[in-house]
Amino acid sequence: MHDVNKFWEFGVCRYEFQMQYGSIGWSVGATLGYAQAAKDKRVIACIGDGSFQVTAQDVSTMLRCGQRTIIFLINNGGYTIEVEIHDGPYNVIKNWNYTGLVDAIHNGEGKCWTTKVRCEEELIEAIATATGEKKDCFCFIEVIVHKDDTSKELLEWGSRVSAANSRPPNPQ
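Residues numbered from 1 in each chain as written. Predicted model: local features only at pLDDT ≥ 70, side-chain atom pairs only at ≥ 80, totals over all residues. Heavy atoms only, no water.

As named in an unreviewed UniProt entry, the protein is pyruvate decarboxylase, taken from Rhododendron griersonianum. In the Subunit (unreviewed entry) part of its UniProt record, the protein is described as follows: "Homotetramer." What the UniProt record of the protein gives under Catalytic activity (unreviewed entry) is the line "a 2-oxocarboxylate + H(+) = an aldehyde + CO2". (UniProt positions renumbered as here; feature names shortened; annotations may be inferred.)

Below, the structure is given as structure tokens:
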């Protein structure tokens, strides 16, 4: 295990990601842990709505600990990567009022700011607010996107995984 603080002393920007979308629910807990380990830095996380639903309660600990994390919640109404691998009705999730949930968890205790954005201009404004007047707050920015808004690379990767999943097992 490495000393997280050693990486920060030189102003290096660090990042973590789950490999190939294989750990739904990993990101919220990882964000909590990183922010606790690097209290002098601001952790920024991009989290899908499906993943967030698995571990949303970690926001409570983030708020209790006074974290200044910025979470961009990507709300596309489901497990888009799973749709590309194997489509089915189980990939559509119940849409939550995510900002309302975080506001309820906040319950007026500590510093918290939430907003929903639906276009680029609103996103630019939200980022300016989160890094400006709300820089000392936990910031939660729900980004509403179309369910099919994804990259070409994700579509290609999903089709390759789908093809690999559908072949017979190798008996070895």
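Caption draft 1: Quick look at helix H6 (residues 98–106). Taken as a whole, H6 has its buried residues at Tyr 98, Thr 99, Val 102 and His 106. Seen from one end, H6 has its buried residues packed into an arc of 100°, which puts them on one side. Those residues of H6 that are buried lie in contact with helix H3 (49–55), helix H4 (58–64), strand S2 (70–75), strand S3 (112–117) and strand S4 (138–144). Of the residues one or two after H6, Asn 107 is the one with positive phi, at around 55°. (Buried < 20%, exposed > 50% of the residue type's maximum accessible area, 1.4 Å probe, protein only. Helix = DSSP H or I, 4+ residues; strand = E, 2+ residues; numbered from the N terminus. Arc of directions from axis to C-beta. Contact = heavy atoms within 4.5 Å.)

Caption draft 2: Up close: the pairing of S3. Pairing between S3 and S4: six bridges, direction parallel. Bridge pairing in S4 links Cys 112 to Phe 138. Since S3 and S4 lie parallel, the crossover through helix H7 (residues 120–131) that links them has a hand, and here it is right-handed. (Pairing = 2+ DSSP bridges. Right-handed = clockwise from strand over helix to strand, strands pointing away.)

Caption draft 3: Quick peek at the sheet that holds S3. The four strands are arranged S1-S2-S4-S3 in an open sheet whose pairing can be described as parallel. The open sheet has two edge strands, strand S1 (44–48) and S3, and neither has a second partner. On average, adjacent strands in this sheet sit at an angle of 15° to one another, irrespective of strand direction. Sheet topology note: the S1/S2 ladder contains five bridges and is parallel. What sits directly across from Ala 45, in S2, is Ile 71. Packing of H6 onto the sheet brings it into contact with S2, S3 and S4, and relative to S3 it is tilted by some 170°. Most of the contacts of H7 go to S3, to which it runs at about 170°, and overall it touches S2, S3 and S4. (Axes fitted to C-alpha atoms, helices over the stretch in contact; angles between N-to-C directions.)

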